[in-house]
Amino acid sequence: MRAALQSEIGQDKLEVVDDMEAVGPGPGKVKIRVKATGLCHSDLSAMSGVLPQPAPFIPGHEGSGVIADVGDGVTGHRIGDRVLVCWLPPCGHCPSCKRGQGHLCLASLVNAGTPNFRRAGGDIFGFAATGTFAEELVVDAACAVPIPDDVPFDIAALIGCGVTTGLGAAINTARVEAGSSVAVIGCGGVGISVIQGAKVQGAAQIIAVDPVESRREAALRFGASEAVAPDAFEDAKNRITGGEGFDYVFEVVGKSATAQTAYKTTRRGGTVCVVGAGAMDDTFQIDMFSLFFDEKRILPSMYGGGDVLRSYERTIALWRAGRVDLAGLITHRVQLAEINDALDQMRTGTALRTCIEI
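Keep in mind that what you see is a predicted model, and the values were worked out from it rather than measured. (Residues numbered from 1 in each chain as written. Predicted model: local features only at pLDDT ≥ 70, side-chain atom pairs only at ≥ 80, totals over all residues. Heavy atoms only, no water.)

Enquirer: Just checking my understanding: could you explain the layout of surface pockets for this structure?
Expert: To find leftover empty space, one rolls a probe the size of a water molecule over the atoms. What the second largest pocket holds in volume is close to 210 Å³. Taken together, 16 residues line the second largest pocket, and the ones lying closest to its centre are Lys 29, Asn 111, Thr 114, Asn 116 and Val 138. With 3 residues, the top contributor of residues to the lining of the second largest pocket is strand β10 (residues 136-140). The residue inventory of the lining of the second largest pocket, partitioned by class, reads 8 nonpolar, 6 polar and 2 charged. (1 Å grid on protein atoms, 1.4 Å probe; cavity = no way out; pocket = protein on both sides within 12 Å on 5 of 7 lines; lining within 4 Å. Points joined across faces, edges and corners; volume = space filled by probe spheres on them. Helix = DSSP H or I, 4+ residues; strand = E, 2+ residues; numbered from the N terminus. Nonpolar A, V, L, I, M, F, W, Y, C, P; charged D, E, K, R; others polar.)

Rendered as C-alpha cells:
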C-alpha cells in the first residue's frame, strides 16, 4: 500500500512509497481504510523534532475512514463501520480517567513506541501510535470512534484533532464567559476553531492575531471582530481594553515568545490559555511577583480538555445546527502523492487546513 514516509527526523520532505504494510490487526486492534486526513502543525513538529517521535515514521493523526478488518476480542466494531481516528482515547481505568480527565490519559501513547507499519527495510512507526498518511493503518479499537452517516469523511478527520482542540480550549479549558473580550494568537486551523469556540460561548470581542494576511481575513469570516498583525497587537489591546488587557488570551503557536505576549496582554485576574504544542527546551518564564500580584490564570489545554468523546458529539451537534463552520476550514485539497504540497501550504500559512484525500 501507499504511505508518506519520514525516514529521519529533520527531513522537510516526505517520500511517498508503495510498499508499506500495516501490521495486524492483532487482538484488540482494528484496521482502518483511510479516506481523508488533515495536515496538523503537530505533524510538522514531529518531522522537525520539536515533538518527540521515533523514526522512521509515517506522520498524520487527524484522519477518518472505514473499518477494513478487526482483531480478536474486538466486539464494538464491524467491517464497514465509518470512524474517525482518536489519537488519544481515554482508557477509562487509569487515575486520570477516574478523575474525569480522560484527555490526560496516556494509555494509548504507550503504543507510540511500538511499530505499527513495516516494509522491506524494517519496522516503521506511526505518529502518535496512528499514522494517517497511509492508505491503511492498524490502531487500538478505542482509537476508532464511530461517526454518524451524515458526517463527511473530511469533516470527521478535522474533528479528530484540530477542531476538537480549538473548540475545547475555549469551551472546556478556559470556559469563556459571555460578554468577555478574547484574543487569539495564531490563526491556523486550530486558532480559527478557538475563535469559533469563543463565539459559541458568547464572547463580545474576539481579536485575531496572525502575521499572514489571508489568515487574518479568514479569522474575520469565522467570527473574529477584528484581526491584526502581531506588531499592531499592543495598540489593539490599548484601544479595545483601555490598556487593561483581555479577559482571555489564547496562545495557539507553541512558542515561549508568543506565550509571553499572551501573558503580557491578559488583564490582571484574566486567563492565559496555552494551546500550541511546543518544544521541551523552549522555556516560559514569569517573575514570582507578577505571578502572585497579577493573579493571571495560566491554563494549558491538551486536546481541548474535558471528555474528548463528549467533545466530538458536541462538535457534531454544533456543526449540524450551523453554529460552527467546519467545511470552511478546508482551504486546500491534495492527493497523497502531493503531500509535500500540503506541507508547503502549512509552512507558508496559505492553508488553514489541507485535506489529503486517500
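Here the narrative resumes.
Enquirer: It is not clear to me how the pattern of salt bridges should be interpreted in this structure. Could you clarify?
Expert: Any two side chains of opposite charge can pair, given that their charged atoms come close. Counting across every chain of the model gives 15 salt bridges. A salt bridge links Arg 2 to Glu 135, with the nearest nitrogen and oxygen atoms 3.2 Å apart. One end of the pair, Arg 2, is in the segment before β1 (3-5); the other, Glu 135, is in the loop between β9 (122-126) and β10, and 133 residues separate them in sequence. Residue classification places Glu 135 among the buried positions, given a relative accessible area of 17%. Note that Asp 154 and Arg 333 form a salt bridge whose closest N and O atoms lie 2.7 Å from each other. (Salt bridge = Lys/Arg side-chain N within 4 Å of Asp/Glu carboxyl O. Buried < 20%, exposed > 50% of the residue type's maximum accessible area, 1.4 Å probe, protein only.)

Enquirer: Explain the domain arrangement of the chain to me, please; I cannot follow it from the model alone.
Expert: Quoted interface sizes are often the accessible area lost when the parts come together. Along its sequence, the chain is organised into domain 1 (3-161 + 306-357) and domain 2 (166-300). Computed from C-alpha coordinates alone, the two centres of domain 1 and domain 2 are separated by 27 Å. Each partner contributes to the interface: domain 1 provides 19 residues, whereas domain 2 provides 21 residues. Run the count over domain 1 and domain 2 and you get 6 residue pairs in polar contact (both at pLDDT 80 or more). Mapped onto the side of domain 1 that touches domain 2, the elements with two or more residues apiece are α10 (308-320) and α11 (339-348). (Domains from an automatic or database assignment. Contact = heavy atoms within 4.5 Å. Polar contact = N/O pair within 3.5 Å; in protein donor to acceptor, adjacent residues only side chain to side chain.)

Enquirer: How should the pairing of strand β19 (residues 353-357) be read in this particular structure?
Expert: Side-chain positions along a regular strand alternate between the two faces of the sheet. When you tally the buried positions in β19, you get 4 out of 5 residues, the bulk of the element. Looking at chain direction, strand β4 (residues 29-38) and β19 are connected through 3 bridges and run antiparallel. Within the sheet, the bridge partner assigned to Thr 37 lies in β19 and is Ile 356. Judged from the 5 bridges that link them, strand β18 (residues 330-335) and β19 form a sheet pairing that is parallel. Following the sheet pairing, Ile 330 is matched in β19 by Arg 353. In this fold, β18 hands off to α11, which returns the chain to β19; that crossover is right-handed. (Pairing = 2+ DSSP bridges. Right-handed = clockwise from strand over helix to strand, strands pointing away.)

Enquirer: Would you explain the pairing of strand β7 (residues 82-85) in this entry?
Expert: Residue alternation in β7 divides its side chains into two sets, Arg 82 and Leu 84 and Val 83 and Val 85, and both sets are buried. Across 3 bridges, strand β6 (residues 62-70) lies against β7 in antiparallel orientation. The residue bridging Gly 65 from the neighbouring strand is Val 83, located in β7. Bridge analysis of β7 against strand β11 (residues 144-146) gives 3 bridges, and the strand direction is antiparallel. The partner of Val 85 across the bridge, within β11, is Ala 144.

Enquirer: Looking at this structure, how should I read the UniProt feature "domain: Enoyl reductase (ER)" (unreviewed entry) in the chain?
Expert: The sites that UniProt annotates as "domain: Enoyl reductase (ER)" (unreviewed entry) are residues 10-352. Along residues 10-352 the backbone is 29% helical and 24% strand, and the end-to-end C-alpha distance reaches 23 Å. (UniProt positions renumbered as here; feature names shortened; annotations may be inferred.)

Enquirer: Teacher, can you tell me more about the sheet that holds strand β5 (residues 57-58) here?
Expert: Strand-to-strand pairing in sheets goes through backbone hydrogen bonds, with the strands running parallel or antiparallel. Across the sheet, 4 strands lie side by side as β3-β8-β9-β5; this open sheet has mixed pairing. Of all strands in the sheet, those with a lone pairing partner are β3 (21-22) and β5, marking the two edges. For β3 and strand β8 (residues 117-119), the ladder comprises 2 bridges, and the chain directions are antiparallel. In the strand pairing of β8, Ala 22 is matched with Phe 117.

Enquirer: Before we go on, may I ask you to explain the packing of helix α4 (residues 162-173) against helix α5 (residues 189-201) in this structure?
Expert: Angle between the axes and distance between the axes: these two values describe a pair of packed helices. Two elements in contact, α4 and α5, have axes separated by 7 Å at closest approach and are oriented at 40°. On the basis of their axis angle, the class for α4 and α5 is oblique. In this structure, α4 meets α5 at a crossing whose hand is right-handed. Residue-level contacts link Gly 162, Val 163, Thr 165, Gly 166, Leu 167, Ala 169, Ala 170 and Ile 171 of α4 to Val 190, Ser 193, Val 194, Gln 196, Gly 197, Ala 198, Val 200 and Gln 201 of α5. When its residues are assigned to classes, the contact of α4 with α5 shows 9 nonpolar, 7 polar and no charged. (Axes fitted to C-alpha atoms, helices over the stretch in contact; angles between N-to-C directions. Parallel < 35°, antiparallel > 145°, perpendicular 65-115°, else oblique. Left-handed = near helix turned anticlockwise from the far one by under 90°.)

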